[in-house]
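# Survey of secondary and tertiary structure
Chain residues, written in single-letter form:
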Amino acid sequence: MKPKNGLKGELTIPADKSISHRAVMFSSLAKGSCIIRNFSSGADCRSTLNLFKKLGVDINVTEEKTLTVKSDGMLKSSDIPLYCGNSGTTMRLVSGILAGSNNEYILTGDESLSKRPMKRIIEPLKLMGAKIYSDNGCAPLKIIGTELHGIEYSSPLASAQVKSCILLAGMNADGKTVYKEPYLSRNHTELMLKYMGADIKAKDNVISISKSDLTAKDIDIAGDISSAAFFIAAGLIVPNSDIIIKNTGINPTRTGILDVVKRMGGSLELMNKVEKSGEVVADIHVNYTDNLKACTIEGADIPRLIDELPVIAILASQAEGETVVKDAQDLRNKESDRIKCLVCELSKIGIDIEEREDGFIVKGKTKIRGGAELNSYNDHRLGMSFYVAGLLADNELGIEGYEWTKISFPEFDEMMNNLQ
Ligand code: S3P
């Protein structure tokens, strides 16, 4: 429901989900011990943490959001399937890690993850000699660890999960692996592997890696811009809002949302930039803007804001003109078919949104109607996006499956309430 006086105040965004996954995975592969500070409390990162504990890595939560990881760099075998929960990042990156091991493993996931495409990693891994099997191109995956060899691979997808899977397999393979992607996707894997001493080189969207040992290093995790996006959007569209979002990661492979806000004419300012374990963070100051303008989002923009597209649809509903999102076909393969689900649900509250095979078109400005019950399809980012839409409605908006926000951002509700 509409907050009376807008959203006002400061908040500190919790840890980046992508970086948290990688911090546990790569520290587990390194010999030695390290401390990970500001680890995500989302269920997805918990899936990665539990999985590496099952693989014999000594991981302890020493205080809230702080972990110690001790490893000899060797992963144990596991007779029971390794459960990845709802997390595509866990399943795809771990597949790359286990493909070159000496053991056999089964990877499983929940109902949503078991429907998501895995051929995108199975095919290139097989080219490296991996023994990875699936009945229908989806989880469960069976991996029989074996010796791998490097490949040159030009990926049809700009996907950080596929890229990371192949680079991690390449780190354990004979010879060099060269990976090319159509547009640069998030590069946290490249930055963190470099930070931990891997033999990796990146030039634009071509990355090469050779067999490497990692050195354990302490990691302080930046805040998640994908979580900040809900506050950025809400701050721009809820009248009278004025919010400072602290400690947000602004790695340029993730800041597509900031560029879109600029193109739309939103009032947003970055302050206090500092580096944290190889990533840059800043505070974001955002103010209500009543003259937002529509824009087109396509091509190289897409991997830089792929997870923000649901909340961008809400933002676009409050911008004058037609916002066109294209080249985002892969949005159909996320925790839900985010194109179909967004169009179906947002239409119920008066948003003028049209489905396209590779995206959607939103015509603004529209008045958002409350009183409806929207289905989040158990997709955390849809749940939080619908909450933002609800901030413009005169009466309550119900959200089915809202509890799934715990996947990436259990603190979301409390942080939103603190601003009202
Ligand atoms: C992620 C990469 C993206 C993103 C996902 C997290 C990662 O997926 O949507 O939420 O941590 O590498 P794709 O790489 O499949 O686009």
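Note that the coordinates shown come from a computational prediction; the quantities given were computed from them, not determined experimentally. (Residues numbered from 1 in each chain as written. Predicted model: local features only at pLDDT ≥ 70, side-chain atom pairs only at ≥ 80, totals over all residues. Heavy atoms only, no water.)

A few words now on the site of the ligand. Residues in contact with the ligand, as listed here, are Ser18, Arg22, Thr89, Ser159, Ala160, Gln161, Arg186, Ile306, Asp307 and Lys334. One of the side-chain N or O atoms of Lys334 is found 2.7 Å from an oxygen atom in the ligand. Most atoms of the ligand, that is more than half of them, are within 2 Å of grid points of the second largest pocket. The set of elements that each furnish at least two residues to the shell around the ligand consists of helix H1 (17-29) and helix H5 (160-170). Within the shell around the ligand, the residues separate by chemical class into two nonpolar, four polar and four charged. (Near = heavy atom within 4 Å. Polar contact = N/O pair within 3.5 Å; in protein donor to acceptor, adjacent residues only side chain to side chain. 1 Å grid on protein atoms, 1.4 Å probe; cavity = no way out; pocket = protein on both sides within 12 Å on 5 of 7 lines; lining within 4 Å. Sits in = over half its atoms within 2 Å of the grid points. Helix = DSSP H or I, 4+ residues; strand = E, 2+ residues; numbered from the N terminus. Nonpolar A, V, L, I, M, F, W, Y, C, P; charged D, E, K, R; others polar.)

This brings us to the pairing of strand E8 (residues 141-144). Only one face of E8 is covered, namely the face carrying Leu141 and Ile143; the face carrying Lys142 and Ile144 is uncovered. Of the strand pairs in this sheet, strand E6 (residues 104-108) and E8 are connected by four bridges, and their pairing is antiparallel. Within the sheet, the bridge partner assigned to Glu104 lies in E8 and is Ile144. One ladder, built from three bridges, connects strand E7 (residues 131-133) with E8; its direction is antiparallel. Its bridge partner lying in E8, Tyr133 is registered against Lys142. (Buried < 20%, exposed > 50% of the residue type's maximum accessible area, 1.4 Å probe, protein only. Pairing = 2+ DSSP bridges.)

Another point: the side chain of Ser317. Assignment of secondary structure puts Ser317 in helix H9 (residues 309-317). A distance of 3.0 Å separates polar atoms of two side chains, one belonging to Ser317 and the other to Gln318. Residues within four places of Ser317 in sequence aside, it is in contact with Ile351, Val362, Gly364, Lys365, Thr366 and Ile368. (Contact = heavy atoms within 4.5 Å.)

Two elements in contact, H5 and helix H6 (residues 188-195), have axes separated by 9 Å at closest approach and are oriented at 30°. Compared by their axis directions, H5 and H6 come out roughly parallel. The residues of H6 that touch H5, namely those facing Lys163, Ser164, Leu167 and Leu168, are Thr189, Glu190 and Leu193. Of the residues assigned to the contact of H5 with H6, the class counts are three nonpolar, two polar and two charged. (Axes fitted to C-alpha atoms, helices over the stretch in contact; angles between N-to-C directions. Parallel < 35°, antiparallel > 145°, perpendicular 65-115°, else oblique.)

Another aspect to go through is the confidence of the model for the protein. The predicted coordinates should not be examined in detail at positions where pLDDT is low. The predicted model of the protein has a mean per-residue pLDDT of 97, with 100% of residues at 70 or higher. Looking across the protein, the model is least confident in strand E3 (residues 58-63), with a mean pLDDT of 94, and most confident in strand E18 (residues 321-325), with 99. (pLDDT = per-residue confidence, 0-100.)

Here we come to the layout of surface pockets. Estimates place the volume of the largest pocket at around 650 Å³. The wall of the largest pocket is formed by 25 residues, among which Gly73, Met74, Gly100, Ser101 and Asn172 lie closest to the centre. Taken together, the residues of the lining of the largest pocket sort by class into 10 nonpolar, nine polar and six charged. Put simply, the second largest pocket is a space of about 540 Å³. Around the second largest pocket, the lining is made up of 33 residues, and of these Ala158, Ser159, Ile306, Asp330 and Lys334 lie nearest the centre. When residues of the lining of the second largest pocket are traced back to their parent elements, those giving at least two are H1, helix H3 (88-98) and H5. Taken together, the residues of the lining of the second largest pocket break down into 10 nonpolar, nine polar and 14 charged. (Points joined across faces, edges and corners; volume = space filled by probe spheres on them.)

A few words on empty space enclosed by the protein. Under the criterion given, the structure shown has three cavities of 30 Å³ or more. Volume-wise, the largest cavity comes out at about 50 Å³. Lining the largest cavity we find Asp16, Ile19, His188, Ala222, Gly223, Ile225, Gly249, Ile250, Asn251, Arg254 and Glu279. Counted by class, the lining of the largest cavity contains four nonpolar, four polar and three charged residues. Here the second largest cavity defines a volume of roughly 40 Å³. Residue lining of the second largest cavity: Ile19, His188, Leu191, Met192, Ser277, Gly278 and Glu279, and that is the complete set. It is H6 that contributes the most residues to the lining of the second largest cavity, three residues altogether. Across the lining of the second largest cavity, the residue classes break down as three nonpolar, three polar and one charged.

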